[in-house]
Amino acid sequence: MKTNWKVNKRSLGMAAVASTLVLATACSGGGNKENAASPSANEGGASGGAASFSYMMAGKYINWLNDLKWFPVLQKETNTKVELVNGGEDDDAYKKNLELKIGSGQFPDSGIVSIAQAEVYGEQGLFLDLKPYIDQFAPNIKAFLDNNPEYAKMVSTKDGKIFGLEQEYPTISNVTFYRADLFEKAGITQTPRTIEEFTDALRKLKETFKSDSSFYPFTGREGYLKYTEAFGANDKIVDGKVHGIYENGQGTDIHSEGFRKLIEWYIQLYDEKLIDPEWVAGTATEESWQTKMLTGKGAVGNDFFTRPSWFMNNGGPQNDPNYSIKVMDPFLDASGNQTMLPPATEKYKSDRVFVINAKAKDKAEAIVKFMDYVFSEKGRTLMDYGVEGESYKTVNGAKEYLVKFEEQGNKPIGTPVWNFLQDRLTFPAPVNNEAYYQWMDDLTKSFATTFFDKYTSKDFSSLKYSTEQLKERTTLLAKIKPEVNAVLVKFITGQLKMTEWDRFLNDMDKIGYTRVVEIDQAAFDAMKQ
């Protein structure tokens with residue numbers, strides 16, 4: 001009898017990775033046509049007559065950028081006026097509007113696109129090749145390209161053209177955090193170091209608080225499959241071979257033996273009521289999860305690294321004066337080796353690429369000089385620390401913030417602030433991880449300054465896809481991801497038995513799983529040529 005794999009995909013489905021590219025035929029520039037004079041050899045930027053250009057990004061980033069106190073200083077230092085253009089309020093709306101903006105001639109002087117779009121439209125003559133401008137006017141960008149060959153490979157076409165500059169992302173990963181006060185009540189005196197010890201800790205928590213039938217020790221919001229690296233079940237590239245659908249370690253390799261063991265572990269957690277069933281079912285919301293962690297309905301989470309401080313600053317101690325959150329080190333694997341966490345996202349953001357409209361060619365020199373200042377030491381200091389004497393001071397050669405994230409980072413939109421969150425999009429620029437970790441609240445700084453250097457893997461390479469590869473990959477993932485997720489829920493909740501495992505793997509391959517791995521392998525091989 002044939003098993004029905006289908007479930008409600010509205011609640012369990014995953015979004016497709018990218019939209020299909022639609023080739024457009026025109027784009028246009030705007031604003032005045034003044035150019036900036038040449039920058040100094042060391043710092044970049046504009047000098048002499050004032051320059052201006054328009055720059056399109058998502059509205060939420062515009063709101064944040066307009067509030068940053070260093071933004072007007074940046075424009076003054078470069079003698080440049082940047083006109084911010086709203087292309088859609090959030091990332092999804094922006095991506096939906098982008099092709100229309102380009103095709104209808106509403107794309108401004110510059111803006112943010114994906115690397116695939118940059119190269120497709122660049123080859124059509126709609127975006128400028130920045131390489132000649134960088135060689136002539138941007139010594140800081142040129143030095144960064146020379147010193148970071150992987151970045152240079154990502155932004156360069158096969159014939160050496162550069163149609164856009166990508167945003168570099170800080171080295172961070174998700175963390176496991178726990179209610180230290182609940183651990184103490186449950187008599188858990190040692191922080192778990194292995195999956196087995198972690199499971200035992202969850203059991204002790206469940207037993208201690210068994211009078212509350214709605215208490216599930218392990219809870220979260222989207223994406224319940226955690227600790228793939230501890231089982232050797234995550235996607236990766238080993239000795240030049242891609243394992244699993246490649247997502248910089250954030251995905252899974254369903255054909256690995258460790259993945260089956262991972263799912264068997266989740267079945268155990270589910271059967272013993274150690275994991276929140278709403279989380280597994282895909283019906284948990286961010287708000288419901290937060291409420292559970294704040295009110296003692298959950299004890300352990302795995303999420304973005306600033307989440308522990310969020311719970312401490314948003315009602316935890318108010319609900320319980322003993323409320324305390326701590327962070328666990330990553331688990332050891334089955335052989336007793338320390339696991340390394342995959343980065344939270346790719347190092348170079350292929351969907352955050354700065355391009356210049358070909359119809360703004362008369363402004364290109366000024367725009368590139370402006371961006372070169374962003375890449376310079378002075379520009380990086382301004383964007384990462386602000387103004388000396390106002391937002392930071394120098395002590396024995398080291399920069400120290402004079403302002404605190406707790407005060408600046410939580411002010412309402414529309415309030416001028418010193419804020420230095422490099423994971424937010426402003427202008428694509430090099431990252432200063434040390435400054436990023438330092439610019440955090442005290443709880444986050446207590447672990448972040450060493451955690452990511454020690455436990456975040458540096459082995460994940462960014463992959464660059466051709467237009468054809470991206471189109472096929474996106475179409476296949478739109479079918480594969482929700483199907484895989486739906487079937488796994490059935491295994492974990494007992495609707496399917498593990499005797500069906502091989503058929504599950506075969507069915508996923510039939511709808512394209514191994515084909516996506518082949519595409520990823522081809523993209524990796526091309527990057528190494």
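Look up a bit, the structure's there.
Below or above, wherever it landed, is the structure these notes cover. (Residues numbered from 1 in each chain as written. Predicted model: local features only at pLDDT ≥ 70, side-chain atom pairs only at ≥ 80, totals over all residues. Heavy atoms only, no water.)

## Section: the overall build of the chain
Scanning the chain from N- to C-terminus turns up 24 helices and 12 strands. A globule of 529 residues ought to have a C-alpha radius of gyration of about 24 Å, and the chain, at 25 Å, matches this closely. Across its three principal axes, the chain shows a C-alpha extent of roughly 70 × 55 × 40 Å. Counting every position in the chain, which comprises 529 residues, the buried fraction comes to 54%. Residue pairs at least 24 apart in sequence account for 77% of intrachain contacts in the chain once pairs closer than 6 positions are excluded. Of the roughly 23,000 Å² of accessible surface on the chain, a fraction of 48% belongs to carbon and sulfur atoms. (Helix = DSSP H or I, 4+ residues; strand = E, 2+ residues; numbered from the N terminus. Rg over C-alpha atoms; globule rule 2.2 N^0.38 Å. Buried < 20%, exposed > 50% of the residue type's maximum accessible area, 1.4 Å probe, protein only. Contact = heavy atoms within 4.5 Å. Areas by Shrake-Rupley, 256 points an atom, 1.4 Å probe, with all protein chains shown as cover.)

## Concerning the pairing of strand β11 (residues 392-395)
Relative to strand β12 (residues 398-401), β11 runs antiparallel, the two being bridged by four bridges. Bridge pairing in β12 places Tyr392 opposite Tyr401. Joining the antiparallel neighbours β11 and β12 is a turn of two residues, in which Asn396 adopts a positive phi near 50°. (Pairing = 2+ DSSP bridges.)

## What about the sheet that holds strand β4 (residues 165-168)?
Sheet architecture is open: five strands sit in the order β2-β1-β3-β10-β4, paired in mixed fashion. Looking along the sheet, the strands with just one partner apiece sit at the ends: β2 (80-86) and β4. In this sheet, neighbouring strand axes are inclined to one another by 30° on average, regardless of whether the strands run parallel or antiparallel. Summarising the sheet, strand β3 (residues 110-113) and strand β10 (residues 348-356) pair through four bridges and their orientation is antiparallel. Bridged to Gly111 within β10 is Val355. Of the strands in this sheet, β3, β4 and β10 touch helix α5 (residues 115-123), which is tilted by about 35° from β10. (Axes fitted to C-alpha atoms, helices over the stretch in contact; angles between N-to-C directions.)

## Side note on the nonpolar core
Soluble globular proteins tend to pack their nonpolar side chains together in the buried interior. Counting residues in hydrophobic clusters, the biggest one holds 93 residues, and the most contacted among them are Tyr55, Trp70, Phe71, Leu74, Leu165, Phe305 and Phe427. No other element matches helix α17 (residues 364-375), which puts eight residues into this core. If we skip the residues at most four places from it in the chain, Phe71 touches Leu65, Asn66, Val82, Leu84 and Phe427. One finds Ala230, Val280, Met508 and Ala523 within the second-largest nonpolar core, a separate group that totals 65 residues. (Core = buried A, V, L, I, M, F, W, Y, C linked by side-chain atoms within 4.5 Å.)

## As for the sheet that holds strand β9 (residues 325-328)
The sheet built from three strands is open, its strands ordered β8-β5-β9 with antiparallel pairing. For this open sheet the edge positions go to β8 (300-303) and β9, each flanked by a neighbour on one side alone. When the angles between neighbouring strand axes are averaged without regard to direction, this sheet yields 30°. Direction of pairing for strand β5 (residues 175-179) relative to β9: antiparallel, over a ladder of four bridges. Following the sheet pairing, Tyr178 is matched in β9 by Lys326. Lying on the sheet, helix α21 (residues 442-455) is in contact with β5 and β9; it crosses β9 at an angle near 5°.

## A closer look at empty space enclosed by the protein
Following the criterion strictly, the structure yields two cavities of 30 Å³ or more and no others. Size it by volume and the largest cavity reaches roughly 80 Å³. As for the largest cavity, its lining consists of 13 residues, of which Thr176, Tyr227, Asn302, Pro330 and Leu341 are closest to the centre. Its residues assigned to classes, the lining of the largest cavity shows seven nonpolar, four polar and two charged. (1 Å grid on protein atoms, 1.4 Å probe; cavity = no way out; pocket = protein on both sides within 12 Å on 5 of 7 lines; lining within 4 Å. Points joined across faces, edges and corners; volume = space filled by probe spheres on them. Nonpolar A, V, L, I, M, F, W, Y, C, P; charged D, E, K, R; others polar.)

## So, the packing of aromatic side chains
Across all of its chains, the model carries 48 aromatic pairs by this definition. Geometrically, the ring pair formed by Phe231 and Trp265 is tilted, given 5.7 Å between the ring centres and 40° between the ring planes. Taken as a pair, Phe231 in helix α11 (residues 228-231) and Trp265 in helix α12 (residues 257-271) lie far apart in primary sequence, 34 residues in all. There is no split in this pair, since Phe231 and Trp265 are both buried. For the ring pair Phe491 and Phe504, a centre distance of 5.8 Å and an interplane angle of 70° mean the geometry is edge-to-face. (Phe/Tyr/Trp six-rings, centres within 6.5 Å; stacked < 30°, edge-to-face > 60°.)

## A closer look at unusual backbone geometry
One non-glycine residue, Asn248, lies in the positive phi region at around 55°. Using a relative accessible area of 11% as the deciding quantity, one classes Asn248 as buried. A positive phi angle, near 60°, is found at Lys273, a position not held by glycine. Checked against the element boundaries, Lys273 lands in the loop between α12 and α13 (277-281).

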